[in-house]
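# Analysis of the macromolecular model
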Amino acid sequence: FINAGRGNIVGEDSLLNALDNQWISASILDVFEVEPLPKESKLWHRSDVIISSHLSEWSGFFPKDVPKVFLKNYERFLEGSELKYLVDWNKGY
């Protein structure tokens with residue numbers, strides 16, 4: 001299940017219920033019922049949910065290598081390897 005439209009279209013409780021009952025096998029989300037997604041949301045801790053940032057527009061300045069970097073990091077994630085380009089919340093970037 002992918003929701004890249006409007007966050008309020010799908011309720012978090014309904015989505016969690018569908019995942020728990022295996023009515024859907026996974027979800028990819030970049031919008032949420034409550035934004036920003038609260039730290040206590042159960043969605044953060046699920047292996048069957050991928051959360052990404054919401055990019056609402058395309059610009060000519062989007063680096064061409066971003067998809068390649070993302071896919072390589074996703075492969076590292078699936079392999080259990082150390083991820084690159086992580087956000088350091090203490091440093092603020």
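Residues numbered from 1 in each chain as written. Predicted model: local features only at pLDDT ≥ 70, side-chain atom pairs only at ≥ 80, totals over all residues. Heavy atoms only, no water.

## A few points about the layout of surface pockets
To keep things clear, this is the line we draw: For each structure, a 1 Å grid was placed over the protein atoms alone; sets of points admitting a 1.4 Å probe that cannot get out are labelled cavities, open sets with protein on both sides within 12 Å along at least five of seven lines are labelled pockets, and lining residues have an atom within 4 Å of a point. Grid points are joined across faces, edges and corners, and a volume is the space filled by probe spheres set on the points. A helix here means a DSSP run of H or I that spans at least four residues, while a strand means a run of E at least two residues long, and both kinds are numbered starting from the N terminus.
When its volume is computed, the largest pocket comes out at roughly 1,400 Å³. If you trace the largest pocket, you find 30 residues lining it, with Ile 50, Ile 51, Ser 52, Ser 53 and Phe 70 closest to the centre. Residue assignment for the lining of the largest pocket shows that the elements contributing at least two residues are β3 (49–51) and α2 (66–79). Counting residues per element, the lining of the largest pocket draws most heavily on α2, which supplies seven residues.

## Observations regarding empty space enclosed by the protein
Using the following cut-off: Amino acids are sorted into nonpolar (Ala, Val, Leu, Ile, Met, Phe, Trp, Tyr, Cys and Pro), charged (Asp, Glu, Lys and Arg) and polar (every other residue, Gly among them).
Per the counting criterion, the structure on display carries one cavity of 30 Å³ or more. By volume, the largest cavity is sized at about 80 Å³. Forming the walls of the largest cavity are Asn 3, Gly 7, Val 10, Gly 11, Glu 12, Leu 15, Leu 29, Val 31, Phe 32, Glu 33, Leu 37 and Leu 43. The class makeup of the residues in the lining of the largest cavity is seven nonpolar, three polar and two charged.

## Things to note about the sheet that holds strand β2 (residues 27–29)
Convention followed: Strand pairing is assigned whenever DSSP detects at least two bridges linking the two strands.
In space, the three strands of this open sheet follow the order β1-β2-β3, with parallel pairing throughout. Each edge of the open sheet is held by one strand with a lone partner, namely β1 (2–3) and β3. Examined bridge by bridge, β1 and β2 share two bridges and lie parallel to one another. By the bridge assignment for β2, Ile 2 is matched with Ile 28.

## Focus on the pattern of salt bridges
Opposite charge on two side chains permits pairing when their charged atoms draw close. Our working rule: Salt-bridge detection follows one rule: a side-chain nitrogen of Lys or Arg within 4 Å of a carboxyl oxygen of Asp or Glu. Only protein chains enter the accessibility calculation, which uses a 1.4 Å probe; a residue is then buried when its area is under 20% of its type maximum, exposed when over 50%, and partly exposed in between.
Under the criterion given, the structure shown has three salt bridges. Residue Glu 75 is joined to Lys 72 by a salt bridge in which the shortest nitrogen-to-oxygen separation is 3.8 Å. On the criterion of helical spacing, the pair formed by Glu 75 and Lys 72 is a turn pair, its members being three residues apart in helix α2. Classification of Lys 72 as partly exposed rests on a relative accessible area of 48%. Connected through salt bridges with shared partners, the residues Asp 20, Arg 46 and Asp 48 form a single ionic network.

Worth remembering: the numbers are spatial, not functional.
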